[in-house]
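Inside the fold
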Amino acid sequence: MIPVHTGLRRTSSIVRASFLALALLLSWAPAQAQDSQLPSIGGHGGGLISGQQEAEIGQQVMISIRRSAPRITDPLVFDYLTAITYRLVPSAPLQQRDLTLALIDDPAINAFAVPGGIVGVNGGLFLNAATEQQFASVLAHELAHLSQRHFARRLEQQETSAPLTMAGMLAGIILSAVTQSDVGIAAIAGTQALAVQNMLAYSRAHEQEADRVGLDILATAGMDPRGMPEMFEIMMRQNRLQGNQVPEYLSTHPLTQSRVADTRNRAEQYPDRRIEDGQEYHLIRNRLQVRYATSADVAVDTFEAYLNRDDARPSDAIRYGLAVAYQQNNQPAQAIALLQKLLERNPNRITFQVTLAETMIGEKRIQDAKDILKQALARNPGNYPITYTLAEAEIADGNGAAAAEHLKQLTRQMPGQEHLWLRLAEAEGLARNIVGVHRARAEYDALMGDLEAAQRQLRQAQEKLPAGSPQRQVVTERLAEITGRLNARRNG
């Protein structure tokens, strides 16, 4: 999501947001507990901002997201999002293909892309995209924004503006990225009052370019480009239904009927290959429908009604949604029975195995859960949802050391997932490995931007290790790296 002003809403909110943007930027360095000062953007020599500057912006945005945005840490949902994103990435003309994904716990339609390879998706996108093709079209659009470096190009256009304008744009991106979109957009508007019309026109050009590139990404990845105009039409319907309250996504991605028509016409130029959705999309979508239901019993009623409809043959995805609803509604026997039936038809389906194990853990059937997960892990070494759930089973069984081993593997695979480091610290504490607790907490603190706390944790770990030991050497090297970053921040 490249945040762009799409119309002044209320003057008072813009003024408040402008002060908030200023406060954020002025307080960023002293409050630190932050990783580094906000990067300098642009320069008087012209040209795009560098890839390194974009990476620094991305790091700051992720710190802001980690601190302020509610996140979905469900490994099944995150694993699906990773899989579908990286299905598209090889078809995207990206300079940087190592992305950082942020899964925001919000039922509104929204997605965003910011410099440094950050791609964020609200849980609500799953709820509103009826098909996998529609869901993928939004991701393809965001990857297109990244590939065309639209943020850098907007800054190039504004290079002669006052420094406050640059700061306001950056603050708007950070604020929008933590799902306070109205505030972020207003912050940009408040510092660019004289350039609003130019920015609007520029935004529309970028949106059209992202549509075009996104359609190519979908087609090349073997997905249906027609999912994009379908998704746009869903958003337009929401816009009409909500009246004056513009959906969050549309407030930063201006959408007109002519743009929808243009995208539909472009999509029709591709070969008509109606692509079947993967089952996993609908399993994850139904899992999130339970999450965002007004209550667990309402979710049960809803999925039971789906199951008993006369006009449709119920799918395994509906049965799975009902099983998750039973699980959440404290009806474990019904959930387990339904999941076991699903596994009879789909013996190696990871989502069914993990959900069954989760339910069994909740019922204190720890050994049964571990048996299921260990067999699944033997067939799928390194799988994130299986490994994480097995770690949870070991914690529930009081085996902190075994849980820590699984979590260490996951932190090596996904070092930027702060909740894994926090859970690892808890497992190490259960195993009475105090050095392990300090090391895991240090990595968590570093990801949260609190380098002073990370430094303290590493020093405490260092003090507890014998001189000359390999483990102390590793801690000493990491401490030197964190200290170097701290010194650079203080001197910068």
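It should be noted that the structure appears before, not after, this text.
Computed from a predicted structure; not experimentally measured.

**A few points about the overall build of the protein**
The helix and strand tally for the protein stands at 24 helices and three strands. Each of the 492 residues in the protein was classed as buried or not, and the buried ones make up 56%. For the protein, long-range pairs separated by at least 24 residues make up 68% of all intrachain contacts whose partners lie at least 6 apart in sequence. Carbon and sulfur atoms provide 50% of the accessible area of the protein, an area that totals close to 20,900 Å².

**Section: the environment of Trp421**
You can see Trp421 is positioned in helix α21 (residues 418-430). Sequence separation of Trp421 and Glu443 is 22 residues, and the distance between their C-alpha atoms is 6.6 Å. Setting aside residues up to four positions removed in sequence, Trp421 forms contacts with Thr411, Pro415, Ala440, Glu443, Tyr444 and Leu447.

**Digging into the packing of helix α15 (residues 316-328) against helix α17 (residues 350-362)**
At a minimum axis separation of 11 Å, α15 and α17 run at an interaxial angle of 15 degrees. As summarised for this structure, α15 and α17 are arranged roughly parallel, according to the angle between their axes. Our pair here, α15 against α17, has a crossing hand that is left-handed. Between α15 and α17, the residues in contact are Tyr320, Val324 and Gln327 and Thr351, Phe352, Thr355, Glu358 and Thr359, respectively.

**A short note on the sheet that holds strand β3 (residues 118-122)**
Strand order across the open sheet formed by three strands is β1-β3-β2, with mixed pairing between neighbours. Every other strand in the sheet has two partners, leaving β1 (100-104) and β2 (111-114) as the edge strands with one partner each. Averaged over all adjacent pairs, the angle separating strand axes in this sheet is 15 degrees, with direction ignored. Strand direction decides the pairing type here: β1 and β3, joined by five bridges, are parallel. Pairing of Leu103 across the sheet is with Val121, part of β3.

**Let's talk about the pairing of β2**
A two-sided burial pattern is seen for β2, the buried positions comprising Ala111 and Ala113 on one face and Phe112 and Val114 on the other. Note: β2 against β3, four bridges, orientation antiparallel. Counted as the bridge partner of Ala111 is Val121 from β3. Counting the residues in the hairpin turn of β2 and β3 gives three residues, including Gly116, whose phi is positive at 90 degrees.

**What about the environment of Gln460?**
Looking at the secondary structure, you find Gln460 in helix α23 (residues 451-463). Along the primary structure Gln460 and Ile434 are separated by 26 residues, whereas in three dimensions their C-alpha atoms are 9.4 Å apart.

**A short note on the packing of aromatic side chains**
Under the defined criterion, the tally for this structure stands at 10 aromatic pairs. Measuring from ring centre to ring centre gives 5.5 Å for Phe135 and Tyr281, while their planes differ by 50 degrees; the resulting arrangement is tilted. On the criterion of sequence distance, the pair formed by Phe135 in helix α5 (residues 132-147) and Tyr281 in helix α13 (residues 279-291) is long-range, its members being 146 residues apart. One aromatic cluster in this structure is built from Tyr80, Phe126, Phe135 and Tyr281.

**Remarks on helix α14 (residues 296-307)**
For α14, spanning 12 residues, the distance from its first C-alpha to its last is 16 Å, which sits close to the expected 16 Å at 1.5 Å a residue. Turning to α14, its buried residues are Ala299, Val300 and Phe303. Buried residues of α14, seen end-on, are gathered within an arc of 100 degrees and therefore sit on one face of the element. Along its buried surface, α14 packs onto α13 and α15.

Procedures and definitions
Residues numbered from 1 in each chain as written. Predicted model: local features only at pLDDT ≥ 70, side-chain atom pairs only at ≥ 80, totals over all residues. Heavy atoms only, no water. Helix = DSSP H or I, 4+ residues; strand = E, 2+ residues; numbered from the N terminus. Buried < 20%, exposed > 50% of the residue type's maximum accessible area, 1.4 Å probe, protein only. Contact = heavy atoms within 4.5 Å. Areas by Shrake-Rupley, 256 points an atom, 1.4 Å probe, with all protein chains shown as cover. Axes fitted to C-alpha atoms, helices over the stretch in contact; angles between N-to-C directions. Parallel < 35°, antiparallel > 145°, perpendicular 65-115°, else oblique. Left-handed = near helix turned anticlockwise from the far one by under 90°. Pairing = 2+ DSSP bridges. Phe/Tyr/Trp six-rings, centres within 6.5 Å; stacked < 30°, edge-to-face > 60°. Expected span 1.5 Å × (residues − 1). Arc of directions from axis to C-beta.

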